[in-house]
Amino acid sequence: MSLSEQLKLLYANGLYSNVVTLGSFLTSISEKNEDGSFSPACQYQTMVYVGKSLQYMGEYRRAEEIFRKSLQYIKVVTKNKSFKTSELFKEGISEIDVKFAISECNIALREFRQAVSILESIHQRHRNARVNMALGKLYQQGGMERPAIVAYKEVLKECPLALEAIQELISTWIKGHASLHSRDYSTAISSFKQLEENSVLRKNPAVLATLGETYYYAGDSKNALATLQRAHSSDPRNLRGVDLLACLLAQEKKNRELEALSVAATSITDAAPQPWIAACSINPRSVEGLLLKGSLLLQLKKLQEALMHFREAMQIAPHRFEPHKGIVDCYIAMHRFREAASFASSTCKLLGQTPRVLTLYASVLLKDSLTVSKGRSYLEKALKEDPYYLPAVYLLCEILVQDMRYDAAIDLLLKQVAVQSTYKLHQMLADFHTHIQDEEKAAHHFSIALNLSLETNNSRPLEGTTRVEAPAEVLDMEVEEIGDSEGEAEESDLEAVWSDVDFSLSGQ
């Protein structure tokens, strides 16, 4: 058995470090090649086997160097017209395979532009499904949607049988993703729900995770959380959607579940961005990691740093609402209200006048007494689009209360509790009934709020119930002690309710 055959045998058995060692000897021999016993084909295959071995060993930089040397060698050898090119590739590893291997090394090194460049150097006529799929993913990652679509279509041309076998499922799947990428979230949700509920893909982790992500992007945090939890329970080792699930658990302050999720995620791998505790350091372009870090910096009052992270997230994903919301929050925290209003107005133009975008703009306008009426019109427009969008309801109630229109605020809230019941709605109803001295209804809503808030350990409903049920003489004593400061205290209580509203994702 020749040395070249021995090298091939070592490679076939996965003895990659031995391939690298033997390959270095063969390379030295081939450079001298005094007796001509080492053919060009042997020299080329030696370089390829060594390069692939280095790639498998994770030495991507060395592997790329070897692969590029093999490409140069191909150019040199093929200049000799007497040499048949087919002889060079007789082992089945062509120039296209080498270029694809280089792209894999570039991707592993996070050199995405170089990966695209080497794959694009393959003539379109010679690109196989594997090359087109890789190009499609790279284009999509870089925000180049049209080239990505073209590349994916080329994949489908070469592999149509899989589509014919599951045509209905794939059609619905493609329709869902087309709607998702065009930000038609309601249509996308409908398509993915159809797959999940009425097909053989019921409870499929990939479908559930995609549906959960779509709910998240649509701002429906309640359904997003429930669906992503189902996806994770269905396949705990699948990291798809785990980063979004972690963010939702953090927002809901479900610390025990979040801790369990992060431990489970990092036990699977620490080389992926999904485990939220490592998202920022592992993948600097992770939108969820940047949003999470920006939110934490905002809470710590490190406003410039928070603003920087939200801006970076917006550059990567300008279609996402959350970076825009973070930037507005930073401007408000800096008391840069004009910039906040200007940016929120631009967000309306970029993302469309959806209820949460309109509510975001309105929340900024309410900061200035001169633009309150304009803010109110935007809130009314938001509720016209979605009559049960709670963040808009809360803010509109704030305006009504400032105008001392408690009856109108109560009517607005009663329409909500007829459809959806949250402790905040009942807490506000109780407060408003207290203002109009309807103690019986105030006590009723305080009681409901108390029951709904048990899981959150919120003490305000209990305090309200105690206050409403206290003997009349005790209340009289309190009023005498409080005196003229009573109105200020009640206003503070209402602000505590409204300050607890987070409309970044949904109204729940």
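This is a predicted model, so every value here is computed, not measured.

Participant: Help me out: how do you make sense of the overall build of the protein chain in this one?
Facilitator: Counting its regular elements, the protein chain contains 30 helices and 0 strands. Counting all 508 residues of the protein chain, 44% fall into the buried class. Considering only contacts within the protein chain whose residues lie at least 6 apart along the sequence, 51% involve residues at least 24 apart. Just so you have it, the protein chain exposes about 27800 Å², and 52% of that area is on carbon and sulfur atoms.

Participant: What is the right way to read the environment of His-433 from this model?
Facilitator: Relative to the helices and strands, His-433 is located in helix H26 (residues 423-435). Classification of His-433 as buried rests on a relative accessible area of 5%. Between the C-alpha atom of His-433 and that of His-445, which follows or precedes it by 12 residues, the distance is 8.9 Å. When residues no more than four places from it in sequence are discounted, the contact partners of His-433 are Ile-410, Asp-438, Lys-441, Ala-442 and His-445.

Participant: Hey, could you run me through the side chain of Thr-214 in this one?
Facilitator: Note that Thr-214 resides in helix H13 (residues 205-218). Leaving out residues up to four positions away in the same chain, Thr-214 has contacts with Leu-180, Tyr-185, Ala-188, Ile-189 and Phe-192.

Participant: For this particular structure, what's the right way to read the packing of aromatic side chains?
Facilitator: As enumerated under the stated definition, the model contains 8 aromatic pairs in all. Taking the centre distance of 6.3 Å and the plane angle of 65 degrees together, the rings of Tyr-331 and Phe-343 count as edge-to-face. You can see Tyr-331 sitting in helix H20 (residues 321-333) and its partner Phe-343 sitting in helix H21 (residues 337-351), a full 12 residues away along the chain. The same class applies to Tyr-331 as to Phe-343, namely buried. With a centroid separation of 4.8 Å and 55 degrees between ring planes, the pair formed by Tyr-361 and Tyr-378 is classed as tilted. Taken as a pair, Tyr-361 in helix H22 (residues 355-365) and Tyr-378 in helix H23 (residues 372-385) lie far apart in primary sequence, 17 residues in all. Accessibility classification places Tyr-361 together with Tyr-378 in one group, the buried group. Pairwise contacts between aromatic rings join Tyr-11, Tyr-16, Tyr-49 and Tyr-56 into one cluster. The ring of Phe-100 carries Arg-130 above its face, with NZ or CZ at 4.1 Å from the centroid.

Participant: Got a minute to help me understand the UniProt feature "repeat: TPR" (unreviewed entry) in the protein chain in this structure?
Facilitator: Under the UniProt annotation, "repeat: TPR" (unreviewed entry) lies at residues 205-238 and 287-320. Between the C-alpha atoms that bound residues 205-238 there is a distance of 8 Å. The span itself is 82% helix and 0% strand. For residues 287-320, the helix share is 79%, the strand share is 0%, and the end-to-end C-alpha distance is 9 Å.

Participant: Explanation requested: H21 in the structure shown.
Facilitator: Residue pairs spaced three or four apart in an α-helix point in one direction, given the helix's 3.6 residues per turn. Between its first and last C-alpha, H21 extends 21 Å over 15 residues, near the 21 Å set by a 1.5 Å rise per residue. Every buried residue belonging to H21 is among Ala-340, Ala-341, Phe-343, Ala-344, Thr-347, Cys-348 and Leu-351, and all of these are buried. Buried residues of H21, seen end-on, are gathered within an arc of 165 degrees and therefore sit on one face of the element. Relative to its buried face, H21 has exposed residues pointing more than 90 degrees away, namely Arg-338 and Lys-349. Summarising the contacts, the buried residues of H21 are in contact with helix H19 (303-316), H20 and H22. Two residues or fewer after H21 comes Gly-352, characterised by a positive phi angle close to 90 degrees.

Participant: How should I be thinking about H26 in this particular structure?
Facilitator: Across its 13 residues, H26 extends 18 Å between first and last C-alpha, which sits within 8% of the 18 Å expected from 1.5 Å per residue. Counting buried positions along H26 yields 11 of 13 residues, so the element is predominantly enclosed. Residues Tyr-423, Lys-424, Leu-425, His-426, Gln-427, Met-428, Leu-429, Ala-430, Asp-431, Phe-432 and His-433 constitute the buried set of H26. Downstream of H26 by a residue or two, Gln-437 has a phi angle that is positive, lying close to 65 degrees.

Participant: Sorry if this is basic, but what is going on with the confidence of the model for the protein chain here?
Facilitator: A low pLDDT score tells you not to read the predicted coordinates there in detail. Looking at the protein chain, pLDDT values average 80 and 79% of them are 70 or higher. The model gives residues 468-508 a pLDDT under 50, and that stretch makes 64 contacts with residues more than four places away or in other chains.

Participant: Teacher, can you tell me more about the nonpolar core here?
Facilitator: Grouped burial of nonpolar side chains is what soluble globular proteins tend to show. Val-328, Val-364, Leu-379, Cys-397, Leu-413 and Phe-432 are the most contacted members of the largest nonpolar core, which has 56 residues in total. Considering each element in turn, this core owes the most residues, 10 residues, to helix H24 (residues 390-402). Core analysis: the second largest hydrophobic core is formed by 38 residues, Ile-66, Val-77, Ala-101 and Cys-105 among them.

Participant: Even after reading the chapter, I still don't get empty space enclosed by the protein, so can you show me in this structure?
Facilitator: Any empty space left between the atoms is revealed when a probe the size of a water molecule rolls over them. Taken as a whole, this structure holds 1 cavity of 30 Å³ or more when the rule is applied. Of the pockets and cavities examined, the largest cavity occupies roughly 40 Å³. Sorting the residues of the lining of the largest cavity by element identifies H13, helix H14 (221-234) and helix H15 (242-251) as the ones contributing at least two each. Examining the composition of the lining of the largest cavity, we find that 3 residues originate from one element, H14, more than from any other.

Participant: Even after reading the chapter, I still don't get unusual backbone geometry, so can you show me in this structure?
Facilitator: In most cases, non-glycine residues show a negative phi, while peptide bonds are predominantly trans. Within the chain, Lys-253 stands out as a residue other than glycine whose phi angle is a positive 60 degrees. If you trace the backbone, Lys-253 turns up in the loop between H15 and helix H16 (255-268). One non-glycine residue, His-335, adopts positive backbone phi at about 65 degrees. Relative to the elements of secondary structure, His-335 occurs in the loop between H20 and H21. By relative accessible area, which is 62% here, His-335 ends up exposed.

Reading the values: rules and limits
- Residues numbered from 1 in each chain as written.
- Predicted model: local features only at pLDDT ≥ 70, side-chain atom pairs only at ≥ 80, totals over all residues.
- Heavy atoms only, no water.
- Helix = DSSP H or I, 4+ residues; strand = E, 2+ residues; numbered from the N terminus.
- Buried < 20%, exposed > 50% of the residue type's maximum accessible area, 1.4 Å probe, protein only.
- Contact = heavy atoms within 4.5 Å.
- Areas by Shrake-Rupley, 256 points an atom, 1.4 Å probe, with all protein chains shown as cover.
- Phe/Tyr/Trp six-rings, centres within 6.5 Å; stacked < 30°, edge-to-face > 60°.
- Lys NZ or Arg CZ within 6 Å of the ring centre and 35° of its normal.
- UniProt positions renumbered as here; feature names shortened; annotations may be inferred.
- Expected span 1.5 Å × (residues − 1).
- Arc of directions from axis to C-beta.
- pLDDT = per-residue confidence, 0-100.
- Core = buried A, V, L, I, M, F, W, Y, C linked by side-chain atoms within 4.5 Å.
- 1 Å grid on protein atoms, 1.4 Å probe; cavity = no way out; pocket = protein on both sides within 12 Å on 5 of 7 lines; lining within 4 Å.
- Points joined across faces, edges and corners; volume = space filled by probe spheres on them.

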